[in-house]
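Coordinates in review
One letter stands for each residue in the lines below.
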Amino acid sequence: MKLALFISVFVIATCGLVYELIAGALASYLLGDTVLQFSTVIGAYLFAMGVGSYLSRYIGRGLVARFVQVEALVGLAGGSSAALLSAVFVEAPAGFRLALYGIVFVVGTLVGLEIPLIIRILKDRLALHDLVAQVLALDYIGALAASLLFPLVLMPKLGLLRTCFLVGLANVLVALWALRIFREELPRSGGLKAQVLLCAALLMGGFLGSSRIGAWADASLYADDVILARTTPYQKIVVTRSRHDTRLFLNGHLQFSSLDEHRYHESLVHPGLAAVRSPRSVLILGGGDGLAAREVLRYPGVERVTLVDLDAEVTRLFASNPSLAALNSGSLSDPRLKVVNTDAFTWLDDNPEFFDFVVVDFPDPSNHSVGKLYTTNFYGLLKRHLRPGGMVAVQATSPLFARGSFWCIEATLTAGGFKTLPYHVYVPSFGEWGFVLGTTGPYAAPLTLPEGLRFLTLETLPSLFAFSKDMERVPSEPNRLNTQNLVHLYDSEWEKINF
Amino acid sequence: MGKDQLLTRRDFLGLASLLGGGALLSGCGLRAPGPPMTGALLGQAHSLGHRLVQGGFPPPRRILETDVVIVGGGIAGLSAGWKLQRSGMKDFLLLELEAEFGGNSRWGRNKTSAYPWAAHYIPFPSPESRAVHELLQDLGVEQGRDASGRPVYDERAVCFAPQERLFIHGRWQEGIFPKLGATQEDVRQLAAFDARMTAFRTMRDNEGRRAFAIPMALSSRRPDLLALDKLSMGDWLKREGFTSPRLRWYADYACRDDFGTTVDDASAWAGIHYFASRGGGDEDQVLTWPEGNGFVTAGLVRRLEGRLAGPMLVYDVTEGPSGVTADAWDPRAKESVRVRAKTALVCVPVFLARRIVASLRREDPAWARSFAYAPWMTANLTVEDPPTGKGFPTAWDNVIFNGEGLGYVVAGHQGLERQRNSEVWTYYYPMPAAATPAARRSALSRSWGDWRTLILRDLGRAHPGLADRVRSIDVMVFGHAMVKPTVGTMWGQARLMAQKPVGRRVFLAHSDLSGFSLFEEAQYHGVLAAQRAMTLLGHPFRPSV
């Protein structure tokens, strides 16, 4: 029994420090300024423990029963603190600091009650000098265990929410254990036991439901209802819907809004494809949502469309989910279209086919991996897959927000052997957006556009090629595999916009 | 200590360790166990090499005739063959001790990737490196000249970005100089050091020679420059006021990386050569392939098909009045073979040449005994779901500040794909301290398990939990990986003696003759030996060096 009690002290001490660390970590994540957050959280917590210790003098009789209740309450309050604070941050961010210090104070006060109560419970069982020495020593050893377990094991393996619930459960287990050890001193402990078990059940529910709580917190980062969320080996796919608008996010980045995607996709495809003489085979790189394919398939003369997208889950969703397939008019199920799920660069490198037109719709060059697809070497390879008179159209980020990046892509296409025609369009959900057409022969403006367009007309088409003063060409080094200067440029330009 | 005591001290400590240990155990329990790690300890043909020392080979029964016999199939020997072939020579034969050709440019391949066993890149050659340019043109890597007359290289062979990163203070930074946490003084000294190296790089003597050239034979002979060979790189740094510990680490890393020696052992001339012989600025790029310089080996082996034989342990080269004989042991047929030729190119390290070439064996000259070598270990790790770590993303060369080894190179770095599920990492571990035979033996007697522990401990500093993702570790130990450019060796007598013909018909060729183990130097000496052989035979050729 002695051993059991001392294990309890150790567990209590470990849990107590973990709550403190969780609060500090969460505050640092959400508010930034780690030093300030940890300092104030630790200060508030220790102060509250002092308050708890003082308040312990008012607990007179029924020491053991009170101890069991305190343990259960620490478990419940501490164990759910991370989930509670996350919820407050999502639902009422203005009240976050108040909630943070409130919870820290409550948990700290309860934890502060623990050690004085234990000492008083044990005071008749051994000499004071041994009691104090051993209880306090274990208390501090528990703190060491917590400070190692939390960053090295618990956080990396379980994440914040589950760690928090798990530690709460440990506190409740101590309460249950105490009930068992002191069963002779607590003759009628049925009600007490029920309270403790209820806390355990709540925490267990929280632990098991943590992933859902995480998903809910995630969903609340998106303005609209999340109707679909999938994690693939390549990215996190989220589709949201409001009354009139469907949006696709990959890794949190907006890919399209159904309200204005026609501006983007019509502009991506038609200025080039409508100018190619009798195109028959078209290649789409990226564009797994099938929206560019929808525009390409408007040309009755196009016999074959090959769509290469890395992520099979994206193309599968946009082919099979009825509401998503409605957006692309079922383009991914069109018999003329073939989907290939593989890496675009290696596929192109191994493939001997030729095409009349290539749509290049990759994510922005925000890292070295994607950056390879915006290099002289890649564009040179692309050119070798074009029939005479063929063209490529490349999405080229924003010429307004990332002006240097846009003109770098243009310079890279030039260095890759293309004659270039840069143009741009306004897409409300994106802002001003840019494309570059790479041609292998003379470009003559199209005489007709396909049926059913909602944005482009022959009259407005020329206006896309005019650049206002703040988007004009800036001199730029081409992006190469060995420099990837575009990634650095892109990073620095968007950093200025994303305050 | 009465009955009142709840816990004795022993109980207390036992409890504390139980709780601590339990915490660690539960940490491990959360980790899904992977399939077991496999691997092997591979070595150069040690047993064959030892047979060379023991001798006692049966007399040759078969006799082959050729014009030129080349002993050794590393870069020097292969380059000699390449030059002979390009000059229209058809009758030559190359004998290699190992089953694989390439020497320090050997390579391997598994399901994940091809990978190097040692040398893994060639810096953009300077204009002086004419033979290297010729070779790269032949291999299709150098594809022409741009408008300003600079060579154009195959973009896929030029090392992709990001090239280098360093793990320091718990995160990865870009570049190898430890910038994270550097003081202003560190940064000032680095800038001053760079300026000194730029001055050395652009310096030309009265005859128009570079201060530090590749091949090093074309370097200036100005006495003040050659005097740099008289002190160590470490002493030179001190003498010039470069006291920053970070700068010193950086220079030490360079010496260990290129030479297998510490900054205190390396000749300052060699150390400065490392920084001042290459292009600088835009030209400071390297050519690399998944299999490292194995790409060049494979290309040369393809071109020389039918003229290569191995494994063949040449144990004697004797010059006679009208020709040479090279006697070799064929470990497969278990018989000795004699090759009669008009001339022999002995393209092996000097420590082997002095056991093979009869006159060197007889005379045992002091210069041939003075070459010292650094042992190395390299390992190829196959890593599933490779970790990237905190900070700057995975680069080609990934170095750990104050690490035990040199870090690791990602073999698949030149891949075009966006994402790799598994990678081969080549880990380099020079042993600069293992200078004495005893130290060398103890280093070389480590088991595969010892090496695995060392490698995972070193890399684990930057990638905790790496062991769970490593599927295999193949280890190769090189007892005499590189000649050490120690103080006084770069411009001492031994190197010059080794470059002279042995007799009239036997020529040594190896990077040993340059004093340091660089690809360009090995190729230079191989091509030079081929030219000497053709001069001797009266065969016309266009000189490459």
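Our structure's up above, just so we're on the same page.
To start, this report covers the structure provided alongside it. (Residues numbered from 1 in each chain as written. Chains lettered and ligands numbered in written order. Predicted model: local features only at pLDDT ≥ 70, side-chain atom pairs only at ≥ 80, totals over all residues.)

**Description of the overall build of chain A**
Secondary structure summary: chain A contains 17 helices and 11 strands in total. Since a compact globule built from 499 residues should have a radius of gyration of about 23 Å, the 31 Å found for chain A marks it as more spread out than a globular shape. If you line up chain A on its principal axes, its C-alpha atoms span 100 × 45 × 40 Å. Counting only residues that meet the buried cut, chain A has 44% of its 499 residues in that class. For chain A, restricting intrachain contacts to residue pairs at least 6 apart in sequence, the fraction spanning at least 24 positions comes to 74%. (Helix = DSSP H or I, 4+ residues; strand = E, 2+ residues; numbered from the N terminus. Rg over C-alpha atoms; globule rule 2.2 N^0.38 Å. Buried ≥ 20, exposed ≤ 12 C-beta atoms within 10 Å, placed from the backbone. Contact = placed C-beta atoms within 7 Å.)

**Remarks on the overall build of chain B**
Helix and strand counts for chain B stand at 17 helices and 23 strands. If one aligns the C-alpha atoms of chain B with their principal axes, the spans along those axes are about 100 × 55 × 45 Å. Across the 545 residues in chain B, those meeting the buried criterion constitute 47%. In chain B, once contacts between residues fewer than 6 apart in sequence are set aside, the share between residues at least 24 apart is 73%.

**Here we look at helix 17 (residues 519–537) of chain B**
Taking 1.5 Å of rise per residue, 19 residues should cover 27 Å, and helix 17 of chain B covers 27 Å from first to last C-alpha, within 8% of that figure. Extensive coverage of helix 17 of chain B is indicated by the burial of 15 of its 19 residues. (Expected span 1.5 Å × (residues − 1).)

**Remarks on the pairing of strand 14 (residues 313–319) of chain B**
All names here are of chain B. The buried fraction of strand 14 is high, at 5 of 7 residues. Where strand 14 meets strand 15 (residues 324–330), 6 bridges bridge the pair, whose relative direction is antiparallel. Bridged to Val314 within strand 15 is Ala328. Between strand 14 and the antiparallel strand that follows it, strand 15, lie 4 residues. (Pairing = 2+ DSSP bridges.)

**Examining the packing of helix 3 (residues 75–86) of chain B against helix 17 of chain B**
All names here are of chain B. The interhelical angle for the contact between helix 3 and helix 17, taken along N-to-C directions, is 45 degrees, at an axis separation of 7 Å. The angle between the axes of helix 3 and helix 17 places the two elements in the oblique class. The handedness of the crossing between helix 3 and helix 17 comes out as right-handed. Across from Ile75, Ala76, Gly77, Leu78, Ser79, Ala80, Lys83 and Leu84 in helix 3, the residues of helix 17 making contact are Phe519, Ala522, Gln523, His525, Gly526, Val527, Ala529, Ala530 and Gln531. (Axes fitted to C-alpha atoms, helices over the stretch in contact; angles between N-to-C directions. Parallel < 35°, antiparallel > 145°, perpendicular 65-115°, else oblique. Left-handed = near helix turned anticlockwise from the far one by under 90°.)

**A few points about the nonpolar core**
Counting residues in each nonpolar core, the largest one holds 152 residues, and the members touching the most others are Val69, Val71, Ala326, Leu345 and Val346 of chain B. Apart from the residues lying within four places of it in its own chain, the contact partners of Leu345 of chain B are Val68, Ile70, Val71, Ala80, Phe507, Ala509, Ala529, Ala530 and Ala533 of chain B. (Core = buried A, V, L, I, M, F, W, Y, C linked by C-beta atoms within 7 Å.)

**Focus: the sheet that holds strand 8 (residues 355–361) of chain A**
Residue and element names in this part refer to chain A. The 7 strands lie next to each other as 7-6-5-8-9-11-10, forming an open sheet whose pairing is mixed. Of all strands in the sheet, those bounded by a partner on one side alone are strand 7 (337–340) and strand 10 (419–427). Direction aside, the axes of adjacent strands within the sheet are offset by 15 degrees on average. Helix 16 (residues 403–415) contacts strand 9 (386–395), strand 10 and strand 11 (431–439) of the sheet and is inclined by roughly 5 degrees relative to strand 11.

**Focus: the environment of His525 of chain B**
Residue and element names in this part refer to chain B. Examined against the element boundaries, His525 turns out to sit in helix 17. Note: C-alpha distance between His525 and Ala509 (16 residues apart in sequence) is 5.0 Å. In this view, His525 contacts Ala76, Ala509, His510, Ser511, Leu513 and Ser514; residues no more than four positions away in its chain are not counted.

**Things to note about the environment of Ala274 of chain A**
All names here are of chain A. Summarising the element assignment, Ala274 is placed in the loop between helix 9 (261–273) and strand 5 (281–286). Residue Ala274 is classed as buried on the basis of its C-beta count, with 21 C-beta atoms lying within 10 Å. Distance in space between the C-alpha atoms of Ala274 and Tyr299 is 8.5 Å, their sequence separation being 25 residues. Leave out the neighbours within four places in its chain, and Ala274 touches Pro446, Thr448 and Leu449.

**A few points about the sheet that holds strand 4 (residues 253–257) of chain A**
All names here are of chain A. Spatially, 1-2-3-4 is the arrangement adopted by the 4 strands of the open sheet, whose pairing is antiparallel. The sheet is open, and its two borders are formed by strand 1 (225–231) and strand 4, each paired with just one other strand. On average, each strand axis in the sheet is tilted by 20 degrees relative to the strand beside it, whichever way the strands run. Sheet analysis places strand 1 next to strand 2 (residues 236–241), joined by 6 bridges and oriented antiparallel. Bridging from a neighbouring strand, Val226 pairs with Thr240 of strand 2.

**Here's the deal with helix 4 (residues 130–138) of chain B**
Residue and element names in this part refer to chain B. All of the buried residues along helix 4 are Ala131, Val132, Glu134, Leu135 and Leu136. Contacts made by the buried residues of helix 4 are with strand 8 (142–145) and helix 17. Positioned one or two residues after helix 4, Gly140 has a phi angle of 80 degrees, which is positive.

**Brief notes about unusual backbone geometry**
Residue Pro162 of chain B follows Ala161 of chain B across a cis peptide bond; omega there is -5 degrees. Among the structural elements, Pro162 of chain B can be located in the loop between strand 9 (151–153) and strand 10 (164–168). Each neighbour pair has its own omega, and for Gly310 of chain B with Pro311 of chain B the value is 0 degrees, a cis peptide bond. Within the secondary structure, Pro311 of chain B sits in the loop between strand 13 (308–309) and strand 14. A positive phi angle is found at Thr397 of chain A, which is not glycine, with a value near 55 degrees. Its place among the elements puts Thr397 of chain A in the loop between strand 9 and helix 16.

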